[in-house]
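# Summary of the model geometry
Below are the chains, spelled out letter by letter.
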Amino acid sequence: MTSSSSFAEPQFHPTVDNLLDPLLDAIRYYSNNDFERRTLIFTWIANLVKPMAVVEVSNILGYEYRRVHDLFLKLTRSGVLSEMKDDGNYNCVGSDSLILYVRKDIIRGREAAGRIPAMFVFRKRAELDMELFWKQFNLYGKQITSYMEKKIRSLADEVDSNYRQVLLLDWSFIQDKVGRVIRILINDSIVSVKKNEDFADIRVNLRKGEIKYKVPLVKRLKSLF
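Residues numbered from 1 in each chain as written. Predicted model: local features only at pLDDT ≥ 70, side-chain atom pairs only at ≥ 80, totals over all residues. Heavy atoms only, no water.

## Remarks on helix 4 (residues 65-77)
Compared with an ideal rise of 1.5 Å per residue, which puts 13 residues at 18 Å, helix 4 spans 18 Å between its outermost C-alpha atoms and is within 8% of the ideal. Of all the residues in helix 4, the buried ones are Val68, Leu71, Phe72 and Leu75. Along the axis of helix 4, the buried residues cluster in a sector spanning 95°; they form a single face. Close packing links the buried residues of helix 4 with helix 2 (34-47), strand 1 (52-53), helix 3 (54-61), strand 2 (81-84) and strand 6 (119-122). (Helix = DSSP H or I, 4+ residues; strand = E, 2+ residues; numbered from the N terminus. Expected span 1.5 Å × (residues − 1). Buried < 20%, exposed > 50% of the residue type's maximum accessible area, 1.4 Å probe, protein only. Arc of directions from axis to C-beta. Contact = heavy atoms within 4.5 Å.)

## Considerations on the sheet that holds strand 4 (residues 99-103)
Read across the sheet, three strands follow the order 4-3-5 without closing on themselves; strand pairing throughout is antiparallel. Where the open sheet ends on each side, the last strands, each with one partner, are strand 4 and strand 5 (110-111). Judged from the five bridges that link them, strand 3 (residues 90-94) and strand 4 form a sheet pairing that is antiparallel. When the sheet's bridge partners are listed, Val93 is paired in strand 4 with Leu100. (Pairing = 2+ DSSP bridges.)

## A closer look at the pattern of salt bridges
Across all of its chains, the model carries 13 salt bridges by this definition. Close ionic contact of Asp170 with Arg37 constitutes a salt bridge, the shortest N to O distance being 2.5 Å. Placement of the pair is Asp170 in helix 7 (residues 161-187) and Arg37 in helix 2, with a sequence separation of 133 residues. Just as Asp170 is buried, Arg37 falls in that class too. Where Asp170 meets Arg38, a salt bridge forms, and the shortest distance between an N and an O atom there is 2.6 Å. Placement of the pair is Asp170 in helix 7 and Arg38 in helix 2, with a sequence separation of 132 residues. The same class applies to Asp170 as to Arg38, namely buried. (Salt bridge = Lys/Arg side-chain N within 4 Å of Asp/Glu carboxyl O.)

Given below as structure tokens:
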């Protein structure tokens, strides 16, 4: 890889496709279930940074713990989600009302009290070398984002205008919920955010380097949906 055009080459597409497929599946197959669709879209976004525990998803989205637990259990049994087997490798960040569990070797935090809850990640995401992906995204983020937008736009062309509006409401709902988390992470110096007209530039500070994401705001997504 010697130029920014390299990521647009076909041999890189399978990596991005495997990362993006769970999001597209959530949109495609859960059109009639707001709870499942929103939970899966949020979990996909969170998995870009870390695996998620049921209690984290429940607290952030405001959904009943049992509903999220049952959904994760069903999806684990069907092979959509995978449970991570590394209980001893987590610190925690955040407040007493919203504790987030982070990998010790990736993000600095404080020692977690008590047993670490089971952590879940989309199976296709678990199969990827995410450290390599983050490095590539930092170098070729514009090309990757453009490719992802084309995939999402292709799916949007398949759905009717009413569902497109529902998806925009989903994104507005999720951004509102994530806002609380972002504020906590900013206070812990883990995340920094800079907004412009259409995007929020988010930087996640890791033990080694950082991840940079360009996250579209709701009005930006209207051009896709």
